[in-house]
Amino acid sequence: METPSSNPSEAIRADFIREAVRDDLRSGRFDRVHTRFPPEPNAYLHIGHAKALWIDYGIARDFNGKFNLRFDDTNPAKEEQEYVDAIIADVRWVGADFEDRIFYASDYFAQMYEWAVDLITKGKAYVCDLSAEEVARTRGTLTEPGAPSPYRTRTVAENLDLFARMRAGEFPDGSRTLRAKIDMASGNLNLRDPVMYRILHQAHHRQGDAWCIYPMYDWAHGLEDSIEGITHSLCSLEYEIHRPLYDWFLDALGIYHPRQLEFARLNLTYTVMSKRRLLVLVKGGHVRGFDDPRLPTLAGMRRRGYTPSAIREFCAKIGVTKIDSVVDIAVLEDCLRDDLNRTSQRAMAVVRPLKVVITNYPAGQVEEMPAVNNPEDPSAGARPVPFSRELYIERDDFREDPPPKFYRLAPGREVRLRYAYFITCREVVKDERGEIAELRCTYDPATRGGDAPDGRKVKATLHWVSAAHAVPAEVRLYDHLFLKPNPDDVPIGQDFTANLNPNSLEVLTGYVEPSIADAPAGARFQFERLGYFCVDPDTAPGRPVFTRTVTLRDTWAKIEQKMKG
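Now for a look at the structure at hand. All values derive from a computational prediction rather than experimental measurement. (Residues numbered from 1 in each chain as written. Predicted model: local features only at pLDDT ≥ 70, side-chain atom pairs only at ≥ 80, totals over all residues. Heavy atoms only, no water.)

When its secondary structure is counted, the chain shows 13 helices and 25 strands. By the compact-globule yardstick of 24 Å for 565 residues, the chain is too spread out, its C-alpha radius of gyration being 31 Å. Viewed in the frame of its principal axes, the chain has a C-alpha envelope of about 100 × 55 × 45 Å. Expressed as a percentage of the 565 residues in the chain, the buried residues total 52%. For the chain, the share of sequence-separated contacts (at least 6 apart) that also reach a separation of at least 24 residues comes to 70%. With an accessible surface of roughly 25000 Å², the chain has 49% of that area assigned to carbon and sulfur atoms. Put simply, the chain has 75 plus and 84 minus side-chain charges, and the middle of one group is 3 Å from the middle of the other. (Helix = DSSP H or I, 4+ residues; strand = E, 2+ residues; numbered from the N terminus. Rg over C-alpha atoms; globule rule 2.2 N^0.38 Å. Buried < 20%, exposed > 50% of the residue type's maximum accessible area, 1.4 Å probe, protein only. Contact = heavy atoms within 4.5 Å. Areas by Shrake-Rupley, 256 points an atom, 1.4 Å probe, with all protein chains shown as cover. Lys, Arg positive; Asp, Glu negative; His and termini not counted. Charge placed at Lys NZ, Arg CZ, Asp CG, Glu CD.)

Turning our eyes to something else, we now look at the side chain of His49. Tracing the sequence through the fold places His49 in helix 2 (residues 47-62). Using a relative accessible area of 17% as the deciding quantity, one classes His49 as buried. In contact with His49, other than residues within four places in its own chain, are Phe37, Tyr44 and Lys275.

Our focus in this paragraph is the sheet that holds strand 22 (residues 505-512). Hydrogen bonds between backbone groups are what pair the strands of a sheet, and the pairing can be parallel or antiparallel. With mixed pairing, the seven strands of this open sheet are ordered in space as 10-23-24-25-21-22-11. In this open sheet, the two edge strands, each paired with only one partner strand, are strand 10 (345-347) and strand 11 (349-350). Strand direction decides the pairing type here: strand 21 (residues 471-478) and strand 22, joined by eight bridges, are antiparallel. For Tyr478, the partnering residue across the bridge sits in strand 22 and is Leu505. Sitting on the sheet, helix 12 (residues 329-343) is in contact with strand 10, strand 23 (524-527), strand 24 (531-535) and strand 25 (545-551), with an inclination near 120° to strand 25. (Pairing = 2+ DSSP bridges. Axes fitted to C-alpha atoms, helices over the stretch in contact; angles between N-to-C directions.)

Below, the structure written as structure tokens:
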């Protein structure tokens, strides 16, 4: 790992932010690297935050620097301790090591207040009595300058007195603000006398009732960075136009000045990631909570079975750019599959069971078939899987009238049972409704282990569970939450909820092999030929619940879909 004192051009992957950091170290602008991740504690983190977090932390790590987790808790109306706790857990889970450096913007309120007084004293800030609506109306447009507030000419003494009285709680909510005195004709609307403080008589999750005036983000952001000695303040691209204001405040105060750099935020297909929209989904009952596995929240992804390493690999793969784009969610899912393929224990489960009776297998006999735990990891060993006369296979693995290129079980056809024997379907038993209820098959005892001594081949291998030993389990099959890649692709008059997928969750009762019946919540498995699954927190003794994390690539499903098309 590179240190700031070593050559800052070696052993670090290239992107425009890292190049900027290298340049700053070479030029002497900074002699160290210190970054921060500054979430607002008003929502759960999502995969977009994970990208930002991994940029912030990754750059500090790559340059042997420091990394802070800082809560931008300047709006008590929306912030809760629940979110603070969840964010800390998520950051640790993803793997960003902030050591003991947890900070809160609210702990700097006193210093921010003194700096505001300094700007008033310098004639660079004033107390304004305009309402929020009046401020917006007099701000001007991109082509017309704003109108100066009638309170812009107040004396320093009057402004100091009014600001102190604002601090003391003398005035009602919204009656006055403190504004920076910059330039009402600036081409950048953010520089047209932005609000620095507003009055809000509301208890703070951390500071209690100590304050009734609260700093606005643009005022607080740079001050927090300065106080903590941040060198590179990394933000998403929408803050690029705010950078001149970030610089103006720091220069006007004459305090330590970090460098702000902006990058493109993450957008994913079939997904929404704005806090407001996630709240609509949760409060509207469209999902079960912020940890619903269909959401892109880190809590939801963790519950679905995502791994921190898969998320980190995804962030590395998509890179750091300054161009907004939409990433196909398949890229994220491929990173997940690659990671789970290496690390997940294999198991057999049947989610849509069809009973198979092997008529020539001895009644009452049970064999234990050795099954490989993970072909990617020889050290994982093997486990015994019970085999008996009656089994369950997947209903989709049988066709009474098989179409072309369907090689699985069919009348008169021989297939391999994974780790067990060759079987041949001899009879199809139907119920009174004409539905297939059971298959009668025979097995070849000479093919134990899955190979025929005479060298004959079969074209399909099926997974199975022994009916006498299988454990009933609830299986939750999750799909994309939205029907279209762009959830906003809706007719005029409708919103993104019109694209919600009514089949994004299918709950089935299936069977799993006994070895995983008591697996703890969070344990991950590859259900052979079905996909990757994890044990849901809803699991209970005698009632396992498995969530599908991601599917496997299913060749026949693709063929069948093309045939239907």
